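# Inside the fold
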Amino acid sequence: MAPSKVQLARLYDLYGGLIYRDLLRRSEDESFAAELLPAVFARATQRWDEWAGRGSRLLLLADLSLSECGTRALSP
């Protein structure tokens, strides 16, 4: 089951700035980080059930941030 819009908005409010800063630190490009931020949260909604009851949502977002940044950096 995907998160509700309220759950996703709360997650974004809590961790959006932190994940953005992580993406910015990794990419050193503000527009790239801003582009990746929604992609990280979109992927989080796809994997929401996988993480249910298995730990912090922040860890999920940090993991997705790392993989999304690496995937985009490797893309031509």
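Please refer to the structure higher up on the page.
Below, the structure is looked at part by part. Note that the structure is a prediction, hence the values are computed from the model and not measured. Sequence order sets the numbering: in each chain, residues are counted from 1 along the sequence as written. Predicted model: local features are reported for residues with pLDDT of at least 70 only, side-chain atom pairs are reported and counted for 80 or more only, and whole-chain, interface and lining totals are derived from all residues. As a convention, hydrogens and water are excluded, and side-chain values are obtained from all of the structure's heavy atoms.

### Some words on helix 2 (residues 30–46)
Because an α-helix packs 3.6 residues into every turn, residues spaced three or four apart end up facing the same way. Over its 17 residues, helix 2 extends 25 Å from the first C-alpha to the last, a length consistent with the 24 Å expected when each residue adds 1.5 Å. Restricting attention to buried positions, one finds in helix 2 the residues A33, L36, L37, A39, V40, F41 and A44. Strands are runs of DSSP state E lasting at least 2 residues, helices are runs of H or I lasting at least 4, and numbering of each runs from the N terminus. What a helix is expected to span follows from its residue count: subtract one and scale by 1.5 Å. Accessibility here uses a 1.4 Å probe with only protein chains present; expressed as a share of the type maximum, an area under 20% marks a residue as buried, one over 50% as exposed, and anything in between as partly exposed.

### Observations concerning the environment of L23
Within the fold, L23 resides in helix 1 (residues 5–27). Exposure remark for L23: the relative accessible area of 0% places this residue in the buried category. Residues count as neighbours in contact if any of their non-hydrogen atoms are within 4.5 Å of one another. Other than its neighbours up to four places away in sequence, L23 contacts E28, A33, L36, L37, V40, S65 and C69.

### With respect to helix 1
Taking 1.5 Å of rise per residue, the 23 residues of helix 1 would be expected to cover 33 Å, yet its terminal C-alpha atoms sit only 28 Å apart, more than 12% below that figure. If you look at helix 1, its biggest bend is around 55 degrees, right at Y15. If you check which residues of helix 1 are buried, you get L11, G16, I19, D22, L23 and S27. E28 sits one or two residues past helix 1 and shows a positive phi near 55 degrees. For a residue, the bend is simply the angle between two axes, fitted respectively to the seven-residue segment ending there and the seven-residue segment starting there.

### Digging into the nonpolar core
Residues belong to one nonpolar core when they are buried, are Ala, Val, Leu, Ile, Met, Phe, Trp, Tyr or Cys, and are joined through side-chain atoms within 4.5 Å. In terms of nonpolar packing, the biggest core is built from 15 residues, with I19, L23, V40 and L61 touching the most fellow members. Of all the secondary-structure elements, those providing two or more residues to this core are helix 1, helix 2, helix 3 (48–51) and helix 4 (57–74). Of the residues forming this core, the biggest block, 6 residues, is contributed by helix 2. Setting aside chain neighbours within four positions, we find L61 in contact with L11, Y15, I19, V40, F41 and A44.

### Focus on the pattern of salt bridges
Between Lys or Arg on one side and Asp or Glu on the other, a salt bridge is scored when a side-chain nitrogen of the former is within 4 Å of a carboxyl oxygen of the latter. In total, this model carries 3 salt bridges according to the counting rule given. For the salt bridge of D22 with R26, the shortest nitrogen-to-oxygen distance reads 3.1 Å. Taken together, the positions of D22 and R26, both in helix 1 and 4 residues apart, correspond to about one turn of that helix. Residue D22 is classed as buried on the basis of its relative accessible area of 14%. Exposure remark for R26: the relative accessible area of 35% places this residue in the partly exposed category.

### With respect to the environment of L11
Along the chain, L11 falls in helix 1. According to the relative accessible area criterion, L11 is buried, its value standing at 6%. Separated by 46 residues in the primary sequence, L11 and R57 have C-alpha atoms spaced 8.0 Å apart.

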